[in-house]
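Residue-level structure breakdown
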Amino acid sequence: MLTLSGITKAYAGRTLFQDVTLQINRKDRLGLVGPNGAGKTTLFSIILGTEISDEGTLILERNAVLGHLPQESAPVGNETVLEVVTDTRPLPAAGGMSSSSSQPDSGHPSHPDLEADAHLVEARAKQVLTGLAFRQEDFNRPAREMSGGWVMRAHLARLLVRRP
């Protein structure tokens, strides 16, 4: 599903990582651990297509849908909690958008399942919100009125609804 081959990234002469080679298959689950400044976020940014590597290639299976919940919650406007969760536009990614021929054009391609089953998205969203301890009366509450933790939870629900 995702293959990294010989990925290298350096900033200002400091190499964060060199010759990273990794294959992640569809049912794999993994954790990336390391000290602050080791390049974990940078590696994820390369995978998501928001940053390019200095060397190496990234191959993402066609029609693969990546899910990413950033450390910082995306801002919300006047939309309700349910509107945040059911929004089918690409999820915002941290940092600017970059691409190269060996990188995906976007870390968040459109999700064909959500577009084809738009009428089921709201029902799925309500189920996920309930599972994340939102009360039914919160579904139509403006998201900006919620605490940062609840907004982050709403963005998690949006990601879970997408089934990346």
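One can find the structure itself at the top, above this paragraph.
Throughout what follows, the structure given in this document is the object of discussion. (Residues numbered from 1 in each chain as written. Predicted model: local features only at pLDDT ≥ 70, side-chain atom pairs only at ≥ 80, totals over all residues. Heavy atoms only, no water.)

1. Remarks on the pattern of salt bridges
- All told, the structure shown has 9 salt bridges when counted by the stated rule.
- Here Glu61 makes a salt bridge to Arg26, at a shortest N to O gap of 2.3 Å. Pair noted here: Glu61 is in the loop between strand E3 (55-60) and helix H2 (81-86) and Arg26 is in the loop between strand E2 (14-24) and helix H1 (40-48), with a separation of 35 residues, a long-range link.
- Residues Arg135 and Asp138 are paired through a salt bridge, measuring 3.2 Å at the closest nitrogen-oxygen approach. (Salt bridge = Lys/Arg side-chain N within 4 Å of Asp/Glu carboxyl O. Helix = DSSP H or I, 4+ residues; strand = E, 2+ residues; numbered from the N terminus.)

2. Side note on helix H5 (residues 148-162)
- The first and last C-alpha atoms of H5 sit 21 Å apart over 15 residues, in line with the 21 Å expected at 1.5 Å per residue.
- What H5 keeps buried is the set Val151, Ala154, His155, Ala157, Arg158, Leu159, Val161 and Arg162. (Expected span 1.5 Å × (residues − 1). Buried < 20%, exposed > 50% of the residue type's maximum accessible area, 1.4 Å probe, protein only.)

3. Considering the sheet that holds E2
- Here 3 strands make up an open sheet; going across it, the order is E2-E1-E3 and the pairing antiparallel. Where the open sheet ends on each side, the last strands, each with one partner, are E2 and E3. Strand-to-strand, the axes of this sheet are offset by a mean angle of 20°, without reference to chain direction.
- Across 7 bridges, the pairing between strand E1 (residues 2-11) and E2 is antiparallel. Across the sheet, residue Leu2 finds its bridge partner in E2, namely Ile24.
- Across the face of the sheet, H1 comes into contact with E1, E2 and E3 while running at roughly 125° to E1. (Pairing = 2+ DSSP bridges. Axes fitted to C-alpha atoms, helices over the stretch in contact; angles between N-to-C directions. Contact = heavy atoms within 4.5 Å.)

4. Some remarks on the packing of aromatic side chains
- What the rule picks out here adds up to 1 aromatic pair.
- Centre to centre, the rings of Phe134 and Trp150 are 4.9 Å apart; their planes meet at 70°, and the pair counts as edge-to-face. Separated by 16 residues along the polypeptide, Phe134 in the loop between helix H4 (118-131) and H5 and Trp150 in helix H5 bring together distant segments of the chain.
- Judged by its relative accessible area of 5%, Phe134 is buried. (Phe/Tyr/Trp six-rings, centres within 6.5 Å; stacked < 30°, edge-to-face > 60°.)

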